[in-house]
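Inside the fold
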Amino acid sequence: MTRTDPAADPVAVRADDTPPLTILRQGCAIPAHPLALDDDGRFDPRHQRALTRYYLDSGVRGLAVGVHSTEFAIREAGLLEPVLELAAETVAGWSRRSTVLIAGACGPTRQAVAEAERAARLGYHAVLLSPNGLDGVDERELLDRTRAVAEVLPVVGFYLQPSAGGRYLSPEFWTRTARIPEVLAIKVAPFDRYQTLDVARGVHQAGRAGDLALYTGNDSRARAHRQRRVTGTEIGDEEGYY
């Protein structure tokens, strides 16, 4: 089912062709897409597609795919490209307005650049660059990695909480990150008010307060809501999501 079908008109969403990177800079809701698995723990494309359609109909202007909520381990299972491709295809066939697509990228520089190149090929507009698993890499190397990825696609920086695989990053790191022109936004999720302020100060000191967007979110509350919606009766075949 696509938006051209008469039955596929769930909510009134106005058509809008605002450039995706403009949407990103202006600020909007960009949920981290979860991963749908069947009862045997295998990837479930049908329910994955339903989640994407649900998000689009709820009014979000962007999706982050292949990031922490979609699980870093999908790379080891060979699912990164199928998951990215399905989301991009679903957005293209379902959304009536422009949607910013952000792909997760992680690992050492070579891996992160390769993942950014894959995302660009699939039509993504930016990458969320995760520090996950790079505890032994110094901040200078992380900045070089950001610059290398930024040559492929615009970057969304990511301050990830240590309990989810992140690490402490100094205020100077965020100032230098913000000075990279292709860094268009930063997701601030250290769940520490002082580290959050480090990012805000870094952006200000870099002179980017007017054009670099800061994103955050209460993931635990959002997840609870999402589970109620998906496991209840509010999403089903009658709404066309499957």
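Residues numbered from 1 in each chain as written. Predicted model: local features only at pLDDT ≥ 70, side-chain atom pairs only at ≥ 80, totals over all residues. Heavy atoms only, no water.

Considering the pattern of salt bridges
Overall, the coordinates contain eight salt bridges when judged by the stated rule. In this structure, the salt-bridge partner of arginine 42 is aspartate 38, at a minimum N-O distance of 3.3 Å. The salt bridge partner of arginine 42 is aspartate 40, with a shortest N-O separation of 3.0 Å. For the pair arginine 42 and aspartate 40, a shared accessibility class is recorded, and that class is exposed. A single salt-bridge network, built from bridges that share partners, covers Asp38, Asp40 and Arg42. (Salt bridge = Lys/Arg side-chain N within 4 Å of Asp/Glu carboxyl O. Buried < 20%, exposed > 50% of the residue type's maximum accessible area, 1.4 Å probe, protein only.)

What to know about the sheet that holds strand β3 (residues 126-129)
Read across the open sheet, the six strands follow the order β1-β2-β3-β4-β5-β6; overall the sheet is parallel. Edge positions in the sheet fall to β1 (62-65) and β6 (213-215), since each of these pairs with one other strand and no more. Shown here is a sheet whose adjacent strand axes are inclined to one another by a mean of 25°, direction ignored. Bridge count between strand β2 (residues 100-105) and β3: four bridges; the pairing is parallel. (Pairing = 2+ DSSP bridges. Helix = DSSP H or I, 4+ residues; strand = E, 2+ residues; numbered from the N terminus. Axes fitted to C-alpha atoms, helices over the stretch in contact; angles between N-to-C directions.)

Quick word on helix α7 (residues 193-205)
For α7, spanning 13 residues, the distance from its first C-alpha to its last is 18 Å, which sits close to the expected 18 Å at 1.5 Å a residue. When we look at burial in α7, the residues that qualify are Gln195, Asp198, Val199, Gly202 and Val203. Taken end-on, α7 shows its buried residues confined to a sector of 130°, consistent with a single buried face. What points out from α7, more than 90 degrees from its buried face, is the exposed set Arg193, Tyr194, His204 and Gln205. Where α7 begins, one side-chain oxygen reaches toward the backbone nitrogen of tyrosine 194, 2.9 Å away; that side chain belongs to aspartate 192. (Expected span 1.5 Å × (residues − 1). Arc of directions from axis to C-beta. Polar contact = N/O pair within 3.5 Å; in protein donor to acceptor, adjacent residues only side chain to side chain.)

Quick word on the nonpolar core
If you look at the biggest cluster of nonpolar residues, it comprises 49 residues, and the most contacted ones within it are Tyr124, Val127, Val149 and Ile186. At eight residues, helix α3 (residues 80-94) tops the list of elements feeding residues into this core. Apart from residues lying up to four places away in sequence, valine 127 is in contact with Ile102, Ala103, Ala105, Ala116, Ala119, Val149, Leu153, Pro154, Val155 and Val156. Residues Leu24, Ala64, Phe72 and Phe158 belong to the second largest nonpolar core, which totals 20 residues. (Core = buried A, V, L, I, M, F, W, Y, C linked by side-chain atoms within 4.5 Å. Contact = heavy atoms within 4.5 Å.)

A few points about the environment of leucine 51
Of note, leucine 51 is situated in helix α2 (residues 45-58). For leucine 51 and histidine 33, which are 18 residues apart along the polypeptide, the C-alpha to C-alpha distance reads 7.9 Å.

With respect to the packing of α2 against α3
How two helices sit against one another is set out by the angle between their axes and by the gap between those axes. The N-to-C vectors of α2 and α3 enclose an angle of 45°; their axes lie 10 Å apart at closest approach. Here α3 runs oblique to α2, going by the angle between their axes. By crossing handedness, the relation of α2 to α3 is classed as right-handed. For the pair formed by α2 and α3, the contact residues are Pro45, Gln48, Arg49, Thr52, Arg53, Leu56 and Asp57 on the first element and Val83, Leu86, Ala87, Thr90, Val91 and Trp94 on the second. For the contact of α2 with α3, the residue count by class is seven nonpolar, three polar and three charged. (Parallel < 35°, antiparallel > 145°, perpendicular 65-115°, else oblique. Left-handed = near helix turned anticlockwise from the far one by under 90°. Nonpolar A, V, L, I, M, F, W, Y, C, P; charged D, E, K, R; others polar.)

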